[in-house]
Amino acid sequence: MSSSSDINTFEQVCIIVDFGKGSKVMQTAKKHGISGGTVLLGKGTIKNRLLEMLAINDIRKEIVILVSNTNTINQAIEQLAHKFKFTKPNHGIAFTTSVGRVIGASSCKSENLIEGGGVENAMYHAITVIVEKGNAGDVIDAATEAGSKGGTIINARGSGIHETSKLFSMDIEPEKEMVLILSKIDSTEKIVSSIRKKLKIDEPGNGIIFIQDVNRTYGLYE
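About the criteria used
Residues numbered from 1 in each chain as written. Predicted model: local features only at pLDDT ≥ 70, side-chain atom pairs only at ≥ 80, totals over all residues. Heavy atoms only, no water. Helix = DSSP H or I, 4+ residues; strand = E, 2+ residues; numbered from the N terminus. Buried < 20%, exposed > 50% of the residue type's maximum accessible area, 1.4 Å probe, protein only. Contact = heavy atoms within 4.5 Å. Areas by Shrake-Rupley, 256 points an atom, 1.4 Å probe, with all protein chains shown as cover. Arc of directions from axis to C-beta. Polar contact = N/O pair within 3.5 Å; in protein donor to acceptor, adjacent residues only side chain to side chain. Pairing = 2+ DSSP bridges. Phe/Tyr/Trp six-rings, centres within 6.5 Å; stacked < 30°, edge-to-face > 60°. Lys NZ or Arg CZ within 6 Å of the ring centre and 35° of its normal. Axes fitted to C-alpha atoms, helices over the stretch in contact; angles between N-to-C directions. Parallel < 35°, antiparallel > 145°, perpendicular 65-115°, else oblique. Left-handed = near helix turned anticlockwise from the far one by under 90°. Salt bridge = Lys/Arg side-chain N within 4 Å of Asp/Glu carboxyl O.

(A) Seen up close, the overall build of the protein. Each helix and strand in the protein was counted, giving six helices and 11 strands. Each of the 222 residues in the protein was classed as buried or not, and the buried ones make up 40%. Partitioning the contacts of the protein with sequence separation of at least 6, the portion at a separation of at least 24 is 75%. Counting every atom, the protein has about 12,700 Å² of accessible surface; 50% of that belongs to carbon and sulfur.

(B) How the structure looks around helix 2 (residues 22–31). Residues of helix 2 that are buried: Gly22, Val25, Thr28 and Ala29. One side of helix 2 carries all its buried residues, which in axial view fall inside an arc of 125°. Within helix 2, the exposed residues directed more than 90 degrees away from the buried face are Gln27, Lys30 and Lys31. Two residues or fewer past helix 2, Gly33 is found with a positive phi of approximately 100°.

(C) Just the side chain of Asn69, in detail. Turning to its location among the elements, Asn69 is positioned in strand 3 (residues 58–69). Polar side-chain contacts of Asn69 include one of 3.2 Å to the backbone nitrogen of Asn71. Within the local environment of Asn69, its side chain forms a polar contact with the backbone nitrogen of Thr72, the two atoms lying 2.8 Å apart.

(D) Quick look at the pairing of strand 1 (residues 10–18). The element strand 1 is extensively covered by neighbouring structure, given that seven of its nine residues are classed as buried. Here seven bridges tie strand 1 to strand 4 (residues 93–99), and the two strands are oriented antiparallel to one another. Residue pairing across strands places Gln12 opposite Thr97, the latter belonging to strand 4.

(E) Structural detail: helix 5 (residues 136–145). All of the buried residues in helix 5 are Ala136, Val139, Ile140, Ala142 and Ala143. On an axial view of helix 5, the arc spanned by its buried residues comes to 165°, and they lie on one face.

(F) Structural view of the packing of aromatic side chains. Under the defined criterion, the tally for this structure stands at one aromatic pair. Relative to Phe86, the ring of Phe84 has its centre 6.2 Å away and its plane inclined at 20°; by these criteria the two rings are stacked. On the basis of relative accessibility, which here comes to 11%, the residue Phe84 falls in the buried class. Lying over the aromatic face of Phe19, Arg60 brings its terminal NZ or CZ to 3.8 Å of the ring centre.

(G) Representation of the packing of helix 5 against helix 6 (residues 185–199) within the structure. The N-to-C vectors of helix 5 and helix 6 enclose an angle of 135°; their axes lie 8 Å apart at closest approach. The angle between helix 5 and helix 6 falls in the class oblique. When the axes of helix 5 and helix 6 are compared, the crossing they make is right-handed. Mapping the contact onto sequence places Asp138, Val139, Asp141, Ala142, Ala143 and Glu145 in helix 5 and Ile191, Ser194, Ile195, Lys198 and Leu199 in helix 6.

(H) Structural view of the pattern of salt bridges. Counted according to the given criterion, the structure contains four salt bridges. For Lys176, the salt bridge goes to Glu132, with nearest N and O atoms at 2.8 Å. Of the two residues, Lys176 sits in strand 9 (residues 176–184) while Glu132 sits in strand 5 (residues 124–132), which places them 44 residues apart along the sequence. Classification of Glu132 by relative accessible area gives partly exposed; the value is 32%.

(I) Just unusual backbone geometry, in detail. Phi at Asn90 is positive, roughly 65°, even though this residue is not glycine. Position of Asn90 among the secondary structure elements: in the loop between helix 4 (70–83) and strand 4. In this structure, Lys200 is a non-glycine residue whose phi angle is positive, near 50°.

(J) Region of the structure containing the environment of Asn74. As for its placement among the helices and strands, Asn74 is situated in helix 4. As a C-alpha pair, Asn74 and Arg216 span 142 residues in sequence and 9.8 Å in three-dimensional space. With near-sequence residues (within four places) excluded, Asn74 lies in contact with Glu11 and Arg216.

Any functional reading would require information that these geometric values do not contain.
What follows is the structure, encoded as structure tokens:
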């Protein structure tokens, strides 16, 4: 039975699937109570010697972002994991993170920040890195050198080449790339340090990194 706290707290689901499956994920999510979401285009960075020889190791991906109350997320993600076989290798990855406040979504009415909604014993971190276009490969290389198994590269696009939005006071426009990496908590510091050093993140304008606790994961394998 769901508790009132489950109904009043919110989570974000990030689902990474092969190109062409994003709309199917959205349709399934809608059937299970999540009325809307966003699909982004990206590419995976699988490290496989045979694929590298064939020059096809960069695989087109779709990233589906969904937000709803925790109770709905709990039910929907189990159905999504079953339908899209996230429990089998190479069928997709899904993870959830806590959301403090939701504004502008009719299905997620929450004007007040909810404290204590995070997971207490998180095993993974989601590392997001935003850099100039063309530098995402260096981010992946630095992360891999520090033990990461790879990541997903997303082209960050504005509505026009002269129009920008801001995240943490840094302009995000069509010339930026986002890299999403999942890491075990005990590996995060090493991965982040490697990226900071290789990309010189601490120098103004070279990029930003932010880290989130991951509540649950599906489809991750050693």
